[in-house]
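# Structure at a glance
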Amino acid sequence: MDLGVRWKLHGDGHTPAPGAVVRPDERLSWPRTVGLGAQHVVAMFGASFVAPVLMGLDPNLAIMMSGVATVIFLLATRGRVPSYLGCSLSFVGVAAVIRAQGGTSATVTGAVFVVGVALFVVGLAVQRFGARIIHATMPPIVTGAVVMLIGFNLAPVTASTYWPQDQWTALLVMLFTGLTLVCLRGFWSRIAIFLGLVFGYGISWVCDRIFGKIHSVDSGGRLTDHWRLDLSGVGKADWIGLPHFHGPSFQWSAVLVALPVVIALVAENAGHVKAVGEMTGDPLDDKLGTAISADGVASMLSTAVGGPPNTTYSENIGVMAATRVYSTAAYWAAAGFALLFGICPKFGAVVAAIPGGVLGGITVILYGMIGLLGAQIWINSKVDLRNPLNLVPAAAGIIIGVGNVSLKFTDTFSLSGIALGTLVVITGYHALRAMAPAHLKTQAPLLDSGTSSYDEGDEKGREDAAARDADQRAGS
């Protein structure tokens, strides 16, 4: 059985020829491959550090399980889809809502485990019926609205939890991270979040030396005098040791809050597979369902032991685009580095010591970017928001999700925020579509133009994709 773990040496193994690409089944020399793996780890560090901290989960375990998830993904796709799987930011809002309702870390991971199961099932359905099943149920207007409300639902977390801990550090980190994203190019812009964290650490340390302790709320919400950067836990942590494992706990209320994120994960995976296929010139239509299922299995395994869910990382697509090296051998090296970091408690203590003000500055941009990905889906798919069939369900669902509107059914069961907003968008769109006049239904296609070529029955989509691939190869 070909598991995609054999690679041909590309050229002399040193430097690719001008315009050439290192394909997934090729590699450079092992020292260079290992170096590229380290580069991929750095690219995913920022989000993979921040996400588990924001979710209240063990960052050491998150990094370790990201390595395991990457190995699972590479084996499942037989090495044809180069990708790193890191902690998904789409669940940060879900975790905040569940904890606000009294849930524990076990409740969070239990809810997300169910999402992993749902994602796995969706992947099997795509393998069986093709991508049309996704796009018929979740057209771009629905997908974009759900991604948007998930991101913007997080705004109160930044405003009430992180920013007040050190507003001036938060402001400086926000400005620095924004400048990094805009002004730097290539690889450096891809690790802007990581650079923002490093800058925030430095600013917090300098402010502690110059101004002393700050009088503000701490991470527990208590108004006290405390150091901005407290590294006492780093000195006490061991160099080698296993992270903290725990089992999931299942509550229906938490599961209902988490399930809408399936839509975001499907969109992320479809976009990733499409992007990699176009960059490598290898049509990956047949691997879409496998990629989705593999992500589901990886998330199930991670959350079963107390870790966060995982998803494909766009940061690493940027590294591949910049280096033109798509070798899956580099991702195996990256997974190895992640496993090593996972068994270093001192590393986890450094991550856990991220000052609240630094997280305030990072999350202002990060949460907004998550929400605006929904708008990007609309733009790429040319969604017409002048059409009331699109406008009404999206508008209602987003306001419900962002405003955390609640609908109470009984004393023990209610729907609110993300869960209720998603339900309104999906059911509202399809109900209105069933009753809408014909001229409103013809203004927007059901298939997302960004991934429509995955549909086996869409001949034109396949021809367009083939033409784009040919043009790109010619340009290379």
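Note that this is a predicted model, so its numbers are computed, not measured. Residue indices follow the written sequence of each chain, beginning from 1 at its first position. In keeping with the model being predicted, local features are shown solely for residues with a pLDDT of at least 70 and side-chain atom pairs are shown and tallied solely at 80 or more, while totals for entire chains, interfaces and linings include all residues. Think of the side-chain values as coming from all heavy atoms in the structure, minus any hydrogens and water.

## Overview of the overall build of the chain
To keep it simple, the criterion reads: Counting from the N terminus, the helices are DSSP H or I runs at least four residues long and the strands are E runs at least two residues long. Throughout this description, buried means an accessible area under 20% of the type-specific maximum (1.4 Å probe, protein chains only), exposed means over 50%, and partly exposed covers the range between. Residues count as neighbours in contact if any of their non-hydrogen atoms are within 4.5 Å of one another. Throughout, the Shrake-Rupley method with a 1.4 Å probe supplies accessible areas, and for residues the shown protein chains are the sole cover considered.
When its secondary structure is counted, the chain shows 22 helices and 8 strands. For the chain, the proportion of its 476 residues judged to be buried stands at 54%. Taking all contacts inside the chain whose residues are at least 6 apart in sequence as the whole, residues at least 24 apart take part in 78%. Accessible surface computed for the chain: about 20200 Å², of which carbon and sulfur atoms make up 66%.

## Quick notes on the nonpolar core
Rules: Take the buried residues of types Ala, Val, Leu, Ile, Met, Phe, Trp, Tyr and Cys, join any two whose side-chain atoms come within 4.5 Å, and each joined set is a nonpolar core.
Core analysis: the biggest nonpolar cluster contains 96 residues, and V50, M55, I362, Y367 and W378 have the highest contact counts within it. Among the elements that make up this core, the one with the highest residue count is helix α13 (residues 261–280) (10 residues). If sequence neighbours within four positions are ignored, M55 has contacts with C87, S88, F91, V92, A95, R99, V108, P308 and P309. By size, the runner-up hydrophobic cluster in this structure holds 5 residues, among which are V22, L36, V325 and A330.

## Notes on the packing of aromatic side chains
Pairs of aromatic rings are described using the distance from one ring centre to the other and the angle between the two planes. For clarity, the cut-off: Centre distance within 6.5 Å is the pairing criterion for rings of Phe, Tyr and Trp, where only the six-membered ring of Trp is used; planes under 30 degrees apart are then read as stacked, over 60 as edge-to-face, and the remainder as tilted.
On inspection of all chains with the given rule, the structure shows 3 aromatic pairs. Between F113 and F250, the ring centres sit 6.0 Å apart and the planes meet at 70°, which makes this aromatic pair edge-to-face. Pair noted here: F113 is in helix α4 (residues 105–129) and F250 is in the loop between α11 (232–236) and α12 (252–258), with a separation of 137 residues, a long-range link. Pairing F176 with F199 gives two aromatic rings, centres 4.2 Å apart and planes at 5°, and the pair type is stacked. Residue F176 is found in helix α8 (residues 167–183), and its partner F199 is found in helix α10 (residues 192–211); the two are separated by 23 residues along the sequence.

## A few points about the pattern of salt bridges
What counts here: Just to be clear on terms, a salt bridge is a Lys or Arg side-chain nitrogen sitting within 4 Å of an Asp or Glu carboxyl oxygen.
Under the definition given, this model contains 5 salt bridges. For D286, the salt bridge is made with R80, and the minimal N-O distance between the two is 2.9 Å. Taken as a pair, D286 in the loop between α13 and α14 (288–304) and R80 in the loop between α2 (59–76) and β3 (85–87) lie far apart in primary sequence, 206 residues in all. Owing to a relative accessible area of 24%, R80 belongs among the partly exposed residues under this scheme.

## Concerning the environment of L54
Topologically, L54 is positioned in helix α1 (residues 30–55). Once the C-alpha coordinates of L54 and Y162 are considered, the two residues, 108 residues apart in sequence, prove to be 9.9 Å apart.

## Quick word on α14
Given 3.6 residues per turn, any residue in an α-helix points the same way as the ones three and four places further on. Inclusion rule: One less than the number of residues in a helix, times 1.5 Å, gives the span that helix is expected to have.
Taking 1.5 Å of rise per residue, the 17 residues of α14 would be expected to cover 24 Å, and the 24 Å separating its terminal C-alpha atoms lies within 8% of that figure. The buried fraction of α14 amounts to 13 of the 17 residues, a majority that puts the element mostly inside the structure. Just past α14, the residue G306 takes up positive phi, approximately 105°.

## What to know about a nonpolar patch on the surface
Which entries qualify depends on this criterion: Patches draw on residues past 30% relative accessible area with no salt bridge. Two like charges within 9 Å are joined, as are two nonpolar side chains (Val, Leu, Ile, Met, Phe, Trp, Tyr) within 5 Å.
On the surface, L385, L391, V392, L432 and M435 cluster together to form a nonpolar patch covering roughly 440 Å² of accessible area. Looking at the nonpolar patch, the elements with two or more residues in it are α19 (388–403) and α20 (417–435). Looking at the element boundaries, M435 is found in helix α20. For M435, a relative accessible area of 65% puts it in the exposed group.

## Examining unusual backbone geometry
In this structure, R78 is a non-glycine residue whose phi angle is positive, near 55°. Along the polypeptide, R78 turns up in the loop between α2 and β3. A residue is classified by how much of its surface remains accessible, and R78, at 32% relative accessible area, is partly exposed. Backbone geometry places K382, a non-glycine residue, at a positive phi of 55°. Here K382 shows up in the loop between α18 (356–380) and α19. Residue classification places K382 among the exposed residues on the basis of a relative accessible area of 70%.

## Comments concerning the confidence of the model for the chain
To keep things clear, this is the line we draw: Every residue gets a pLDDT, meaning the predictor's confidence in that residue, from 0 to 100.
Put simply, the chain has an average pLDDT of 80, and 87% of its residues get 70 or more. A low-confidence stretch, residues 444–463 (pLDDT under 50), is modelled with 39 contacts involving residues beyond four sequence positions or located in other chains. Throughout residues 468–476 the model reports pLDDT below 50, and contacts reaching past four residues in sequence, or to other chains, amount to 10 contacts.

## Regarding helix α16 (residues 328–342)
We count it as follows: Pairs of N or O atoms are called polar contacts if they sit within 3.5 Å, as long as, within protein, a hydrogen donor faces a hydrogen acceptor (for residues adjacent in sequence, only side-chain-to-side-chain pairs).
In this model, α16 (15 residues) spans 21 Å end to end at C-alpha, consistent with the 21 Å of a helix rising 1.5 Å per residue. For α16, the capping residue at the N-terminal end is S327, with a side-chain oxygen 3.1 Å from the backbone nitrogen of A329.

## As for the packing of α2 against α16
Helix packing for two helices is described by the angle between their axes and how far apart those axes are. Put simply, the test is: Orientation is described by lines fitted to C-alpha atoms, with helices fitted over the stretch in contact, and by angles between N-to-C directions that extend from 0 to 180 degrees. Relative orientations are named as follows: roughly parallel for angles under 35 degrees, roughly antiparallel for angles over 145 degrees, roughly perpendicular for angles from 65 to 115 degrees, and oblique for any other angle. The handedness criterion is simple: a crossing whose near helix is rotated anticlockwise from the far helix by less than a right angle is left-handed, and one whose near helix is rotated clockwise is right-handed. Each residue is assigned to one of three groups, with Ala, Val, Leu, Ile, Met, Phe, Trp, Tyr, Cys and Pro labelled nonpolar, Asp, Glu, Lys and Arg labelled charged, and all others, Gly among them, labelled polar.
Where α2 contacts α16, the two axes come as close as 7 Å, and the packing angle between them is 155°. Classed by the angle they form, the pair α2 and α16 counts as roughly antiparallel. Two packed elements cross with a definite hand, and for α2 against α16 that hand is left-handed. Residues N60, I63, M64, S66, G67, V68, T70, V71, L74 and L75 of α2 form the contact with α16, whose participating residues are T328, Y331, W332, A335, A338, L339, F341 and G342. Considered class by class, the residues forming the contact of α2 with α16 number 12 nonpolar, 6 polar and no charged.

## Side note on the packing of helix α6 (residues 140–152) against α20
Across the interface, α6 lies against α20 with an axial gap of 10 Å and an inter-helix angle of 165°. Relative to α20, α6 is oriented roughly antiparallel. Relative to α20, the crossing made by α6 is right-handed. Here I141, V142, A145, V146, L149 and I150 of α6 come into contact with α20, specifically with I418, G421, T422, V425, I426 and Y429. Of the residues that constitute the contact of α6 with α20, the class distribution is 10 nonpolar, 2 polar and no charged.

## Structural notes on the side chain of S302
Tracing the sequence through the fold places S302 in helix α14. What S302 contacts, discounting residues up to four positions off in sequence, is M65, G307, P308 and N310.

## Focus: the environment of G348
Its location among the elements puts G348 in helix α17 (residues 345–352). With relative accessibility at 6%, the residue G348 sits in the buried group. Spatially, the C-alpha atoms of G348 and I63 are 9.1 Å apart, while their sequence positions differ by 285 residues. Once residues lying within four places of it in the same chain are set aside, the contact partners of G348 are P59 and N60.

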